[in-house]
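Chain and residue survey
Below are the chains, spelled out letter by letter.
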Amino acid sequence: MMMLQDGSTQLLCLTASSGVPLFTRGASKQLPFSVIGSLNGVHMFGGGQGVVLSCCETEGGGKVVWRVFQDSVMLIAVNAGGQGGACSSSSKEEEVRLQRLLENAWNCMVLVLGQDELASIRNVERLKRDLRSCFSLIDQLLEERQEGILGNLTHCADSLLPPNPTFLQEAVDGFAQAADSEFSCLLVHGRIAAATEKWWRLAPQEVVLLCALMRSLSASGSASSDYPVFLPQGSPTVAHRLLRFQLLPGADVCVLCGPTPSLHRAESGLVGCFWTPLVETLRDCLAVGERCLPGSVSLRPDVLALLLINRETRRSVSCVRTSTNNHPLCDPPLPSKARCWELLKLFYIFSTTRYFTQEETLCVSPDERAQRGYTEDFVLGFSHQPLQSYLVTEECKSYGLQTPQHQLFLLIPLSVPTFALRTVATQTLSDIVAATGF
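Let us look at the structure shown here. Fair warning: this is a prediction, and the values are worked out from it, not measured in the lab.

**Section: the nonpolar core**
- Of all hydrophobic cores here, the largest spans 50 residues; its most connected members are Phe23, Leu75, Met109, Leu131 and Trp199.
- Looking at this core element by element, the count peaks at 11 residues for helix α2 (residues 91-113).
- Not counting the four nearest positions on each side in its chain, Trp199 is found in contact with Glu182, Phe183, Ser184, Cys185, Ile192, Val207, Leu210, Cys254 and Leu256.

**Considering unusual backbone geometry**
- Omega for the bond connecting Thr260 with Pro261 falls within 30 degrees of zero, at 0°, which places this linkage in the cis form.
- Considering the arrangement of structural elements, one finds Pro261 in the loop between β11 (251-257) and α10 (263-275).
- Even without a glycine there, the phi angle at His155 is positive, about 55°.
- Secondary-structure assignment places His155 in the loop between α6 (151-154) and β6 (157-158).
- Assessed through its relative accessible area of 1%, His155 is described here as buried.

**Focus: the environment of Tyr348**
- Looking at the secondary structure, you find Tyr348 in helix α12 (residues 337-354).
- Accessibility expressed as a relative area gives 3% for Tyr348, which makes it buried.
- C-alpha of Tyr348 to C-alpha of Glu93: the two residues are 255 residues apart in sequence and 9.5 Å apart in space.

**Some details on the sheet that holds strand β16 (residues 406-412)**
- Here 6 strands make up an open sheet; going across it, the order is β6-β13-β12-β16-β15-β14 and the pairing mixed. Each of the sheet's edge strands pairs with one partner strand only, and the pair in question is β6 and β14 (388-392).
- Two elements, strand β12 (residues 305-310) and β16, share 6 bridges in a ladder whose sense is antiparallel. Each residue of the ladder has a partner; that of Leu308, found in β16, is Leu408.
- Relative to the sheet, α12 contacts β12, β13 (315-320), β14, β15 (397-402) and β16, its axis offset from that of β16 by approximately 135°.

**Side note on the environment of Arg132**
- In this structure, Arg132 sits in the loop between α4 (124-131) and α5 (135-142).
- Given the relative accessible area of 55%, Arg132 is considered exposed.
- A sequence separation of 109 residues divides Arg132 from Phe23, and the C-alpha atoms of the two residues are 8.4 Å apart.

**Some thoughts on the packing of helix α7 (residues 165-178) against α10**
- Relative orientation of the contacting elements α7 and α10 amounts to 155°, with a least axis distance of 10 Å. Comparing the axis directions of α7 and α10 gives the class roughly antiparallel. Every pair of crossing elements has a handedness; the one defined by α7 and α10 is right-handed. Here α7 contributes Leu168, Ala171, Val172, Gly174, Phe175 and Ala178 to the contact with α10, which in turn contributes Arg265, Leu270, Val271, Phe274 and Trp275.
- Classifying every residue of the contact of α7 with α10 by side-chain character gives 9 nonpolar, 1 polar and 1 charged.

Thresholds, definitions, all that
- Within each chain, residues carry numbers counting from 1 in the order of the written sequence.
- In view of the model being predicted, local features appear only for residues whose pLDDT reaches at least 70, and side-chain atom pairs are presented and counted only at 80 or more, with totals across whole chains, interfaces and linings using the full set of residues.
- Only hydrogens and water are removed before side-chain values are computed, so all heavy atoms of the structure are retained for them.
- Residues enter a nonpolar core if they are buried and are Ala, Val, Leu, Ile, Met, Phe, Trp, Tyr or Cys, with the set joined through side-chain atoms within 4.5 Å.
- Partly exposed residues are those whose accessible area sits between 20% and 50% of the maximum for their type, while under 20% is buried and over 50% is exposed, using a 1.4 Å probe and protein chains only.
- Secondary structure counts use DSSP, requiring at least four H or I residues in a row for a helix and at least two E residues in a row for a strand, with both numbered from the N terminus.
- The contact criterion used is simple: two residues touch if any of their non-hydrogen atoms lie within 4.5 Å.
- The criterion for strand pairing is that DSSP finds at least two bridges linking the strands in question.
- Interaxial angles span 0 to 180 degrees and are taken between N-to-C directions of axes, which are lines fitted to C-alpha atoms, for helices over the stretch in contact.
- An angle counts as roughly parallel when it lies under 35 degrees, as roughly antiparallel when it exceeds 145, as roughly perpendicular when it falls between 65 and 115, and as oblique in every other case.
- Crossing chirality is assigned from the near helix's rotation relative to the far helix, an anticlockwise turn below a right angle marking it left-handed and a clockwise turn marking it right-handed.
- Lys, Arg, Asp and Glu make up the charged group, whereas Ala, Val, Leu, Ile, Met, Phe, Trp, Tyr, Cys and Pro make up the nonpolar group; the residues left over, Gly among them, are polar.

Take a look at the structure:
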C-alpha cells in the first residue's frame with residue numbers, strides 16, 4: 001500500500017479466471033506486478049475455500065475492495081489511506097465509495113464495449129486495446145475532486161434548473177421527434193437542463209454514465225460526435241448511436257437513436273432549426289452556472305452547500321456557495337469550496353448508509369444489501385424510517401432531511417445553533433420547491 005501516494009485510489013482490472021492484468025488506472029505510481037498478483041491470489045484463495053473476499057483494511061488505514069462481474073472480469077479498488085481528505089471518513093464510508101467505484105467502472109466498460117465482449121473473453125490482447133476507449137470515462141470516476149458532479153456517487157442525474165424551462169423542454173422534445181427518437185437531453189455545464197420523458201425512464205445509472213460520456217466527448221473539443229453505446233441495463237448487447245452537438249460553449253444536446261439520421265443530416269438540418277431561435281435562452285441557462293438554481297431561488301446566507309435529490313425522478317441539484325470564505329458567519333473559518341464538496345459527499349454516504357433509504361436498494365435482499373455495503377447492520381432492526389439526521393464536526397454542521405419525495409443534505413456554519421438546523425433545512429427545501437417545482 002505504501003507504493004501509492006497517501007489518499008490516492010487505483011483501479012485494477014484483471015481476468016477473473018487467470019488473473020491476467022487488463023489495465024490499471026489512477027495513481028501516477030502504479031502498484032508493481034507482484035502486489036497485483038498478491039491481491040488477485042488472496043481473492044482466488046478465499047474463493048477456493050468457499051469464502052467471498054469483498055473488502056479488507058490495512059494497518060496504515062488503506063482499503064482494498066474486490067468484485068467479480070459476469071464471472072469474467074475482476075475489478076479491484078485500492079486506496080492507500082493516510083490523507084486528511086476523503087480518507088478522514090470512517091472505514092464504512094470509504095468502503096461504500098469504493099464499491100460504488102467498481103460498479104460504475106464495470107458499467108462504463110459495458111457502455112462502451114458491450115456485455116458480450118466482456119463476459120466471454122476470446123482474445124486478451126485485443127480486449128486490452130479495446131478497453132483503452134473506456135479510460136476517459138473511468139478517469140472521471142477517479143477524479144475525486146470533480147466539483148459539482150455527484151451522480152457517480154448518488155446515481156441521480158446531476159441537474160441544472162433553468163430560468164425558462166418550458167422553451168427548452170419544447171425544443172428537446174421537437175428535436176428528438178425530428179431525429180426519429182424518443183431519447184434526448186440538453187446538458188449545460190455538464191448537468192441536465194432538459195430531457196425527454198423517455199430519457200428519464202432510462203435506468204438512473206445509465207443516465208449518469210451517458211452524461212459522463214457527453215462531458216468526455218465535449219472535453220475532446222469536437223463540435224459533434226457519433227458514438228456507439230450499449231445501455232448496461234436496457235440494452236447491454238445491442239448498440240445504439242449517441243449523437244452529440246455543441247450548441248454553445250458549455251451547452252450540448254444529444255439524441256439516442258438507431259441507424260438514422262446520419263450525423264451530417266442531423267447537424268445540418270435539425271440542430272439549427274430547433275436551437276438557433278433559442279440562443280438567448282441558452283445563454284440565460286448558462287448564466288445560472290455552478291449554482292444550478294435560477295435567480296428566483298434565494299438561499300439563506302447560513303447555507304454553505306446543499307444537495308437536493310428528487311426521489312421520484314432520481315434527479316439532483318447541488319451547489320456550494322462561492323463566497324464561502326467571505327461568509328458573514330465565518331468565525332471559526334469556514335471550509336474551502338473544494339472541502340465543502342468533499343464534506344457534502346461524505347455526509348451523503350453517512351446518512352444513506354445509516355438512516356435514509358436509497359431507492360435503488362429497495363428491491364435488493366438484506367443479505368445482498370449488506371454485502372454491497374449499503375447499510376449498517378443496525379438499520380435493519382429499525383421499526384421506523386428516520387426522517388432527519390444531523391452531524392456536528394470541527395469544520396461545520398451537517399443536516400439531512402427526508403420526505404416522501406425529496407432528500408436534502410446541507411452544510412451549515414458552526415456558528416448556527418444546533419436547534420435551528422431543522423428550520424434552515426425545511427425553509428431551504430420549501431423555497432426551492434416553491435420556486436422551481438423540482
